[in-house]
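Commentary on secondary and tertiary structure
One letter stands for each residue in the lines below.
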Amino acid sequence: MTAKGSLRLANGQAPVAPGTGSSTRPVAVIDVGSNSVRLVVFEALSRATTPIFNEKVLCGLGRGLAQTGRLNPEGRDAALATLNRFASLVQAMKADVIDVVATAAVREAKDGPDFVARVEAECGLKIQILSGTEEARLAAQGVLSSLPGADGLMADLGGGSLEVVRLEEGSLRDQATLPLGPLRTAAVGARALVRTIDGALGDLPWLKDARGGSFHAVGGAWRAIARVHMAQERYPLRIVHGYTLERAEAERVASFLSKLDADALEELDGVPRSRAGTLPFSALVLARLLKVVRPKVVVFCGHGLREGLIYDRLDAASRSLDPFIAAAQDSAWRTGRFSVHAEEIERWIAPLFEDADTEEARLRFAACLLSDSAWRWHPDYRAEQAFISILHAPYVGVSHAGRAFVATAVAARYGASLSEKWMTPARRLLPRPAVQTARALGAALDLANTLTGGTPGLLAEAPVRKRGKILELVLAGESRRLDGEAVRRRLDTLAREIRLEGRVRTE
């Protein structure tokens, strides 16, 4: 069903200043995994937070754990050195360390508690060992933080375990941790490996309840599969988060990669060197899962455990915000001159797009928020800069086509021509009708900002409306003084975009 009408601010709330949330200081998350140890420092604890530092070291703590029951000695030493560095960096950054967590390897190793005690003594970091259930829950929270209302299955493949959670319209249902991971199964033969995977999946009959939904693939191992596919398809973006494949295509590429050896993988474009050794296993797990779950699509997610930890600490009101709109609001406060003008512009232009559904209205409001984002650039480069910055920004909660729509609209607001070479991603990601709508939206944004000079409070006195084949700008009372050649020129541009004739009527 299609909902129509204008979209207000996220959940009806007023715009918020940058960093609004529980903390305005940087916050750090340290993830001690079976294969890697990673530090991510986020700008603040908020709905629109952005990583400002991200470092990963492949320590291999869980290498050989299945055989010895203990942490890998070399991996343990590398992890201690890495955690000492991370503790120093966090202190220098004056960041609040909100979570230091360890997952499967430390959780299961006989010497896991000794390692935790040593880290606390030598690095001053207190590690929380997550249970398998808690690890799965937090990974799913990370998915929901970037894809509210997600439905289907979340699966997070790490070095030592696989976490799976059934999602139902944004709520967590069944969940489990499975003893599957490339470090754990490295010594298992190919045939036995299929039986091992299928046996573990067979213990979860509720997986079939997720059929027909979306499969949300989390973890670096599966993001590597997405990168390979993007490289092979010459996809116009290199943003993995939100990259979506139909099930049949995902099954094809997973099956293909699962059968390759290291030499063959080195010949493929897009294969990360650090993942080449484990990519066939990761692809095999994906292929076997898809056979059971039979989702409609596979969506690769950049958010997981670490983002879930941030999301979990937000209050209910912050968690309920639309992540894309919240990020656009944050960007508007930072880069725009007239940030509070966006809601007024959105109300003013909404009647021109009365057939828009809810998603288009949402994207339109984001474009209004970002419509002033390139004003600091040289006039000859504003359109290109606006397009590239929006297309490449680390936004979540928006599809690749959605970000291309907003980028095209804001570029059009700055006078971009669709024939520009740098507009190629828009032409590939958007159908022609969507490109035309985005260009019309850009022309409306240009008219609104030109008419008012970006000053709030003026648009209500100068409505624009369709009357048959005429696009009419009404200037009454004091607003008559806003008339001018620049305004009429932009009105004519907008009228052409929506196949009407522009006319100014003064009262």
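Quick caveat, the model's predicted, so the values are computed rather than measured. (Residues numbered from 1 in each chain as written. Predicted model: local features only at pLDDT ≥ 70, side-chain atom pairs only at ≥ 80, totals over all residues. Heavy atoms only, no water.)

Glancing now at the overall build of the protein chain. Within the protein chain, the regular secondary structure consists of 20 helices and 14 strands. For the protein chain, the C-alpha radius of gyration of 25 Å lies close to 23 Å, the compact-globule estimate for 507 residues. Taken over the C-alpha atoms alone, the protein chain extends approximately 85 × 45 × 40 Å along its principal axes. Of all intrachain contacts in the protein chain linking residues separated by at least 6 positions in sequence, the fraction that spans at least 24 positions is 71%. Accessible surface for the protein chain amounts to roughly 22100 Å². Of this, 49% is attributable to carbon and sulfur atoms. (Helix = DSSP H or I, 4+ residues; strand = E, 2+ residues; numbered from the N terminus. Rg over C-alpha atoms; globule rule 2.2 N^0.38 Å. Contact = heavy atoms within 4.5 Å. Areas by Shrake-Rupley, 256 points an atom, 1.4 Å probe, with all protein chains shown as cover.)

What follows concerns the packing of helix α15 (residues 358–370) against helix α17 (residues 400–413). The description of two helices packed together rests on the angle between their axes and the distance between the axes. Running from N to C, α15 and α17 cross one another at 45°; their axes reach a closest spacing of 9 Å. Here α17 runs oblique to α15, going by the angle between their axes. For α15 against α17, the interelement crossing comes out right-handed. Residues E360, L363, A366, A367 and L370 of α15 pack against G402, F405, V406, A409 and V410 of α17. Looking at the contact of α15 with α17, its residues break down into 8 nonpolar, 1 polar and 1 charged. (Axes fitted to C-alpha atoms, helices over the stretch in contact; angles between N-to-C directions. Parallel < 35°, antiparallel > 145°, perpendicular 65-115°, else oblique. Left-handed = near helix turned anticlockwise from the far one by under 90°. Nonpolar A, V, L, I, M, F, W, Y, C, P; charged D, E, K, R; others polar.)

Following the criterion strictly, the structure yields 5 aromatic pairs and no others. An aromatic cluster is present here, built from Y235, Y243 and F300 joined pairwise through their rings. The ring of Y414 has R413 lying over it, and the distance from NZ or CZ to the ring centre is 4.4 Å. (Phe/Tyr/Trp six-rings, centres within 6.5 Å; stacked < 30°, edge-to-face > 60°. Lys NZ or Arg CZ within 6 Å of the ring centre and 35° of its normal.)

What follows concerns the sheet that holds strand β2 (residues 36–42). With mixed pairing, 5 strands are arranged side by side in an open sheet as β3-β2-β1-β4-β5. The sheet is open, and its two edges are formed by β3 (51–58) and β5 (128–129), each paired on a single side. Bridge count for strand β1 (residues 27–32) against β2 is 6 bridges, and the pairing is antiparallel. The residue of β2 that forms the bridge with V27 is F42. (Pairing = 2+ DSSP bridges.)

Moving on, we come to the pairing of strand β9 (residues 214–218). Most of β9 is tucked away, with 4 of its 5 residues classed as buried. In this structure, strand β6 (residues 152–157) lies alongside β9, joined through 5 bridges in parallel fashion. Looking at β9, one finds that M154 is bridged to H216. Of the pairings in the sheet, the one linking β9 to strand β11 (residues 297–301) comprises 5 bridges and is parallel in character. (Buried < 20%, exposed > 50% of the residue type's maximum accessible area, 1.4 Å probe, protein only.)

Here the focus is the nonpolar core. Counting residues in hydrophobic clusters, the biggest one holds 71 residues, and the most contacted among them are W348, I349, V406, L471 and L473. In this structure L473 touches W348, L451, A462, P463, V464, V487, L491, R503, V504 and R505, once residues within four positions along its chain are discounted. The next biggest cluster of nonpolar side chains, apart from the first, holds 49 residues, and it includes L180, A221, L265 and L268. (Core = buried A, V, L, I, M, F, W, Y, C linked by side-chain atoms within 4.5 Å.)

Looking at the element boundaries, S36 is found in strand β2. If near-sequence neighbours (up to four positions away) are discounted, S36 is found in contact with D31, K56, V57, L58 and C59.

On the surface, D261, D263, E266 and E267 cluster together into a negatively charged patch. The residue D261 is located in the loop between α8 (247–258) and α9 (262–266) in this model. (Patch = residues over 30% accessible without salt bridge, like charges linked within 9 Å, V, L, I, M, F, W, Y side chains within 5 Å. Salt bridge = Lys/Arg side-chain N within 4 Å of Asp/Glu carboxyl O. Lys, Arg positive; Asp, Glu negative; His and termini not counted. Charge placed at Lys NZ, Arg CZ, Asp CG, Glu CD.)

For H341, the location among the structural elements is in the loop between α13 (323–335) and α14 (342–349). Under the relative-accessibility criterion, H341 is labelled buried at 0%. For the pair H341 and T455, spaced 114 residues apart in sequence, the C-alpha separation works out to 7.1 Å. In contact with H341, other than residues within four places in its own chain, are N449, T452, G454, T455, P456 and L459.

This paragraph deals with unusual backbone geometry. Phi angles above zero are rare outside glycine, and E169 is one such case at about 50°. Structurally, E169 can be placed in the loop between β7 (162–168) and β8 (171–178). You can call E169 exposed: its relative accessible area is 66%. Its identity as a non-glycine residue notwithstanding, R499 has a phi of 60°, on the positive side. Residue placement: R499 occurs in the loop between α20 (485–497) and β14 (501–506).

Another point: helix α4 (residues 112–123). The end-to-end C-alpha separation of α4 is 16 Å, in line with the 16 Å expected for 12 residues at 1.5 Å each. Of the residues making up α4, those classed as buried are G112, F115, V116, V119 and C123. Down the axis, α4 shows its buried residues gathered within 100° of arc, on one side only. In α4, the exposed positions that point more than 90 degrees away from the buried face belong to P113, D114 and A121. The elements touched by buried residues of α4 are β1, α2 (73–93), α3 (104–108) and β5. Phi turns positive one or two residues past the end of α4, at G124, with a value near 75°. (Expected span 1.5 Å × (residues − 1). Arc of directions from axis to C-beta.)

Here we take up the environment of V164. Positionally, V164 belongs in strand β7. In this structure V164 comes out as buried when scored by relative accessible area, which is 0%. Once residues within four sequence positions are removed from consideration, V164 is found in contact with A136, M154, A155, D174, Q175, A176, L204 and W206.

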